[in-house]
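# What the coordinates show
Listed below, chain by chain, are the residues.
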Amino acid sequence: MEQNNFIERVMPFKDKLFRFAKRILISSEEAEDATQEVLLKLWNRRDNLEQYKSLEAFAMTITKNYCLDKLKNKHSSNLSLVHSNYDSGMKNPEQVTDLNNTIDHVKRIIETLPEQQRMAIQLRDIEHYTLEEMVDVLGVSNSTIRVNLSRARKKVRDELIKTSNYGIGG
C-alpha cells in the first residue's frame, strides 16, 4: 500500500483511535503516544491491511490491546470513559452547572463498572459503534456485548436514580 492510499484509509478514524485510547489511559499524552504506536503498527502492516473486513475495527482492536497492555504494565486498573465533547446548547449558568455535575457523576459511575462494561458503553453510547463493529473490536460475541451494555446501563440508571433521591453526595 502506498503512503497516499494509507493516509486516505487511516486518517479518517485517527481521532477515534485517540479518543478511545484517552478513555482507557486517561492521560492525553499517553493517548497520543498510543495513537502514534497504533499508526506505526498499521504502517508496518500496510501490505496486509487489505485482508481485514474493517480496517477501522482492526485499528480499534490494536488500540484496545495496546492500551490494556500499557495499563497492565503500570499495574493500574483505572479506566476512564469521559465524554468531554458534549455541548448541551444551554446558556443558563445554573443549568450548565447542573448538567456538568450530572456528567461528572455519570463519569464516576461508569468508572466503577467492570472493564468489559466500560468498554462496551464507551464504544456503543459514546463512539456510536454498531454491534457488529463492537464484535470485531472487543472480540466477544454479540450477545456478550448486549449483556454488558444492558448491565452497564442498568447500573448507571440505578445509581442516578438513587443519587437523585438522596443527593449526589449520598
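As a reminder, the structure under discussion sits directly above these lines.
Notes on the structure follow. (Residues numbered from 1 in each chain as written. Predicted model: local features only at pLDDT ≥ 70, side-chain atom pairs only at ≥ 80, totals over all residues. Heavy atoms only, no water.)

## Things to note about the overall build of the protein
A tally of regular secondary structure across the protein gives eight helices and zero strands. When the helices and strands of the protein are placed in sequence order, the string is α-α-α-α-α-α-α-α. Contacts in the protein between residues far apart in sequence, at least 24 positions, make up 67% of those at least 6 positions apart. As presented, the protein carries roughly 10100 Å² of accessible surface, and 46% of it is formed by carbon and sulfur atoms. (Helix = DSSP H or I, 4+ residues; strand = E, 2+ residues; numbered from the N terminus. Contact = heavy atoms within 4.5 Å. Areas by Shrake-Rupley, 256 points an atom, 1.4 Å probe, with all protein chains shown as cover.)

## A short note on the packing of helix 2 (residues 14–25) against helix 4 (residues 55–73)
Running from amino to carboxyl end, helix 2 crosses helix 4 at an angle of 25°, the nearest separation of the two axes being 10 Å. The pairing of helix 2 with helix 4 is recorded here as roughly parallel in orientation. Both helix 2 and helix 4 take part in a crossing whose hand is right-handed. Along the contact surface, helix 2 presents Lys16, Leu17, Phe20, Ala21, Ile24 and Leu25, while helix 4 presents Glu56, Ala59, Met60, Thr63, Lys64, Cys67, Leu68, Lys70 and Leu71. (Axes fitted to C-alpha atoms, helices over the stretch in contact; angles between N-to-C directions. Parallel < 35°, antiparallel > 145°, perpendicular 65-115°, else oblique. Left-handed = near helix turned anticlockwise from the far one by under 90°.)

## So, the packing of aromatic side chains
Inspection of the entire model under this criterion finds two aromatic pairs. Each ring, one from Phe6 and one from Trp43, has its centre 5.1 Å from the other, and the planes form 80°; the classification is edge-to-face. In this pair, Phe6 is assigned in helix 1 (residues 3–10) and Trp43 in helix 3 (residues 28–44), connecting sequence segments 37 residues apart. With centroids separated by 3.8 Å and ring planes inclined at 15°, the aromatic side chains of Tyr52 and Phe58 adopt a geometry described as stacked. A cation sits over an aromatic face here: Arg46 above Trp43, 3.9 Å from the ring centre. (Phe/Tyr/Trp six-rings, centres within 6.5 Å; stacked < 30°, edge-to-face > 60°. Lys NZ or Arg CZ within 6 Å of the ring centre and 35° of its normal.)

## Let's talk about the pattern of salt bridges
Per the counting criterion, the structure on display carries seven salt bridges. A salt bridge links Lys16 to Glu56; its shortest N-O distance comes to 3.1 Å. Here Lys16 is found in helix 2, whereas its partner Glu56 is found in helix 4, with 40 residues between them in sequence. In this structure Lys16 comes out as partly exposed when scored by relative accessible area, which is 24%. By sharing partners, the salt bridges in this structure join Lys155, Glu159 and Lys162 into a single network. (Salt bridge = Lys/Arg side-chain N within 4 Å of Asp/Glu carboxyl O. Buried < 20%, exposed > 50% of the residue type's maximum accessible area, 1.4 Å probe, protein only.)

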